[in-house]
Amino acid sequence: MMSRFSLLVLVAALVAVPGCTEQSADDGPAYVVETIDTPPGLIPEVGGLDVMPDGRLVGVFHRGEVMIYNAETQEWNVFAQGLHDPLGVKAVSNHEVLVTQRPELTRLTDTDRDGKAERYDTVTDDFGMSGNYHEFAFGPAEGPNGDLFISLNTASKFAGVWDIMRGPFDPEGRPGRMYAAVPYRGWVMRYHPASDSLEPFASGFRSPNGLVFDQKGRLFATDNQGDWLGTSKLYHVQQDHFYGHPQSLVWEEGFDDIQPLDLPVPVLNTMRTRASVLFPQGILANSPTQPVIDTTGGQFGPFEGQMLIGEMNHPRILRVMLEEVDGAMQGAVTTLIDSSTAHDSRPLRIGNNRLAFGPDGTLWVGQTDHGWPGDQGLQRVRWTGGTPTEVAEMTLTKEGFDLHFTKPVQPETVRPDSAVQFTRYYYEYHQEYGSDQMDVQSVPVTDVEVSPDRRTVSVALGELVSGYVYQMDLHGVTAADGTPIAHPTLYYTLNRLRQ
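All values reported here derive from a predicted model rather than from experimental measurement.

Reading guide: rules and limits
Position labels on residues start from 1 in each chain and follow its written sequence. Where local features are concerned, this predicted model is filtered to residues with pLDDT of at least 70; where side-chain atom pairs are given and counted, the filter is 80 or more; whole-chain, interface and lining totals use all residues. No hydrogens and no water enter the side-chain calculation; it runs on all heavy atoms of the structure. Counting from the N terminus, the helices are the DSSP runs of H or I reaching at least four residues and the strands are the DSSP runs of E reaching at least two. C-alpha atoms define the radius of gyration, and 2.2 Å times the number of residues to the power 0.38 defines the globule rule. Three exposure classes are used, based on accessible area relative to the maximum for each residue type with a 1.4 Å probe and protein chains only: buried under 20%, partly exposed in between, and exposed over 50%. When checking whether two residues touch, look at their non-hydrogen atoms; a contact exists if any pair is within 4.5 Å. All accessibility values rest on the Shrake-Rupley procedure with a 1.4 Å probe; residue burial counts only the protein chains present in the view. Positive residues here are Lys and Arg, negative ones are Asp and Glu, while His and the chain termini are left out of the count. Note that the charge is assigned to NZ on lysines, CZ on arginines, CG on aspartates and CD on glutamates. Think of a 1 Å grid over the protein atoms and nothing else: a 1.4 Å probe that fits but is trapped marks a cavity, an open set flanked by protein within 12 Å on at least five of seven lines marks a pocket, and residues with an atom within 4 Å of a point count as lining. Grid points are joined across faces, edges and corners, and a volume is the space filled by probe spheres set on the points. In the scheme used here, Gly and all other residues not listed as nonpolar or charged are polar, with Ala, Val, Leu, Ile, Met, Phe, Trp, Tyr, Cys and Pro taken as nonpolar and Asp, Glu, Lys and Arg as charged. Working definition of a nonpolar core: buried Ala, Val, Leu, Ile, Met, Phe, Trp, Tyr and Cys residues. They are joined through side-chain atoms within 4.5 Å. In this description, strands pair whenever DSSP reports at least two bridges between them. Salt bridges are defined by distance alone: a side-chain nitrogen of Lys or Arg within 4 Å of a carboxyl oxygen of Asp or Glu. Residues adjacent in sequence count toward polar contacts only when both atoms are side-chain atoms; beyond that, a polar contact is any pair of N or O atoms within 3.5 Å, and within protein one must be able to donate a hydrogen and the other to accept it. Lines fitted to the C-alpha atoms define the axes, with helices restricted to the stretch that makes contact. Angles between their N-to-C directions range from 0 to 180 degrees.

1. What about the overall build of the protein?
Reasoning step 1: A tally of helices and strands in the protein yields two helices and 35 strands.
Reasoning step 2: Here the C-alpha radius of gyration of the protein, 23 Å, is about what a compact globule of 499 residues would show, namely 23 Å.
Reasoning step 3: Residues classed as buried in the protein amount to 58% of the 499 residues present.
Reasoning step 4: Considering only residue pairs separated by 6 or more positions, the protein has 59% of its internal contacts joining residues 24 or more positions apart.
Reasoning step 5: On the protein, roughly 19,400 Å² of surface is accessible, and the fraction owed to carbon and sulfur atoms is 48%.
Reasoning step 6: The distance from the centre of the 36 positive side-chain charges to the centre of the 65 negative ones in the protein is 1 Å.

2. A word on empty space enclosed by the protein
Reasoning step 1: If you walk through the whole model with that rule in mind, you get one cavity of 30 Å³ or more.
Reasoning step 2: By volume, the largest cavity is sized at about 50 Å³.
Reasoning step 3: Around the largest cavity, the lining residues are Glu-45, Val-46, Gly-47, His-62, Asp-85, Leu-87, Phe-136, Thr-368, His-370 and Trp-372.
Reasoning step 4: The residue makeup of the lining of the largest cavity, split by class, is four nonpolar, four polar and two charged.

3. A look at the nonpolar core
Reasoning step 1: Core analysis: the largest hydrophobic core is formed by 34 residues, its most contacted members being Val-237 and Phe-279.
Reasoning step 2: Those residues in contact with Val-237 that lie beyond four places of it in its chain are Val-188, Phe-201, Ala-202, Phe-205, Leu-219, Phe-220, Ala-221 and Tyr-243.
Reasoning step 3: By size, the runner-up hydrophobic cluster in this structure holds 29 residues, among which are Val-414, Val-448, Val-477 and Ile-485.

4. So, the pairing of strand S27 (residues 377-383)
Reasoning step 1: Most of S27 sits out of view: five of its seven residues are buried.
Reasoning step 2: Sheet analysis places strand S2 (residues 31-36) next to S27, joined by six bridges and oriented antiparallel. The residue of S27 that forms the bridge with Ile-36 is Leu-378.
Reasoning step 3: Both strand S26 (residues 363-367) and S27 contribute to a ladder of five bridges, which runs antiparallel. Paired with Val-365 across the two strands is Gln-379, which belongs to S27.

5. With respect to the pattern of salt bridges
Reasoning step 1: Applying the stated criterion to the full structure yields 22 salt bridges.
Reasoning step 2: Residue Arg-218 pairs with Glu-324 through a salt bridge whose shortest N-O separation is 3.5 Å. On the criterion of sequence distance, the pair formed by Arg-218 in the loop between strand S17 (211-213) and strand S18 (219-223) and Glu-324 in strand S23 (residues 316-325) is long-range, its members being 106 residues apart.
Reasoning step 3: Linked through salt bridges whose partners overlap, the residues forming this network are Glu-34, Asp-360, Arg-380 and Arg-382.

6. Some points on the pairing of strand S25 (residues 352-357)
Reasoning step 1: Burial analysis of S25 places six of its six residues in the buried class, the great majority of the element.
Reasoning step 2: Judged from the five bridges that link them, S25 and S26 form a sheet pairing that is antiparallel. Within S26, the residue paired with Arg-354 across the bridge is Gly-366.
Reasoning step 3: The hairpin turn running from S25 into S26, its antiparallel successor, is five residues long, and Gly-361 in that turn takes a positive phi close to 85 degrees.

7. Focus on unusual backbone geometry
Reasoning step 1: Across the junction of Gly-139 and Pro-140, the peptide omega takes the value 0 degrees, indicating a cis bond.
Reasoning step 2: The topology assignment puts Pro-140 in strand S11 (residues 137-142).
Reasoning step 3: Pro-183 connects to Tyr-184 through a cis peptide bond whose omega is -10 degrees.
Reasoning step 4: Secondary-structure assignment places Tyr-184 in the loop between strand S14 (178-179) and strand S15 (187-192).
Reasoning step 5: The phi torsion at Trp-228 lies on the positive side, around 70 degrees, for a residue other than glycine.

8. So, the side chain of Arg-272
Reasoning step 1: Note on placement: Arg-272 falls in the loop between helix H2 (265-271) and strand S20 (277-279).
Reasoning step 2: Here Arg-272 occupies a buried position and makes no salt bridge, while the nearest side chain of opposite charge, Glu-428, is found at 8.3 Å.
Reasoning step 3: Side-chain polar atoms of Arg-272 contact the side chain of Asn-269, separated by 2.7 Å.

9. Focus on the sheet that holds S20
Reasoning step 1: What the four strands build is an open sheet, ordered S17-S18-S19-S20; its pairing is antiparallel. Sheet topology places S17 and S20 at the edges, where each strand pairs with a single neighbour. Each adjacent strand pair in this sheet contributes to an overall mean axis angle of 20 degrees, direction not counted.
Reasoning step 2: Looking at chain direction, S17 and S18 are connected through three bridges and run antiparallel. What sits directly across from Leu-211, in S18, is Ala-221.

10. Thoughts on the layout of surface pockets
Reasoning step 1: Each pocket or cavity is described by its volume, and for the largest pocket that value is around 780 Å³.
Reasoning step 2: Around the largest pocket sit 38 residues that line it, and Asp-50, Lys-90, Val-212, Gln-290 and Val-292 are the ones nearest its centre.
Reasoning step 3: Tallied by class, residues from the lining of the largest pocket come to 19 nonpolar, 14 polar and five charged.
Reasoning step 4: Approximately 410 Å³ is the volume found for the second largest pocket.

If you want it as structure tokens, here you go:
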């Protein structure tokens, strides 16, 4: 709970925030990162970000504050306070927001238009709480028909449950490193506004710290490496599907008196829906967070329609290139911004927990270090107008992959013998925490062909096998203007072969 002194300092700072921004080094010529000052007295552990219809930013913070930032005046004001570990926010209007806090989904309304919420209404709290510290709640994401989706973290064996709980306790959900002793831990939930009801939607998640709908109305969720997750993942979330973390099955219909951990791994493996994208652990990402879709109409660069995802442990924003192959979502991931390789500084911090696009096409990035390696604060990423030399799309073919570039490539640099190298591996599905890369093998490149417009390079491989991550490293490839590929390593998750 915020102390009286902290609150006074925070309130006193509302009008007089210096509001200055720190112009930082860039990540190549295409993007620059600014650091936004936050009010004195606020511990800026960002749990959620969204943008109101009038362009103001609304942020929720770990200590329970809901703050609004006006980028034009560079002023903050307190919209609400006293919430319990809020980890998601959705702006409904300029006077109303939805916040997912640990015990409930809450509607906050500024009824008298004075800039502060007077009404705190419970939308739904129809899920269990054992008191375990790890039972976070994320969201909401709004579906195409107005339904709201939240996700519920599993509990941790490194802390127990309290004597007084909300919801029924099932001892079958208690064993395991991460557990689900109360409903519906490890689930994505759907709230129907019309019927005022919350229902279980999909199961098998460990720590689903990020939900988003794409432009086709498909729901996606990130999940973090741990027990039963060999590496971190991006799931295409579909109703009644199971995604692999077993303890949530305690709350699945038909699983009465069944201990999910007693089910053989091959059985669980046939039950689960595989991830659309795997994030190689320690190489690319350790804890992927909030996904957003670039719907800026080109204001944020040449990746319109693609998914961007924050990362906690590295100073990175990830860029995901999805495609549907034989009915399954899969695709490639690389970095959009990677400040660990930027010139001589780290303009983008770590702890990138929440992302939101502003109406001017800038990307707001909120950071936290609460419980994870990270930083605190708020940054903003702007596209400078320059076109980065990147692989814009990586698509599967029957023979290998087509690489679509943001600029024409210099054909002489696409050397058949060395310009493109592939390695494949997979991650074990098992109860243990994480997984090594398994069955690591080089994949021979048998042919490379540059299209007449020099924007596409078709790569033929000696073999394509489903169930593997295909890591591609480009060496020495440049654009026709001589610029090198900004981020030359991509990771394609191959679930289905193209027929």
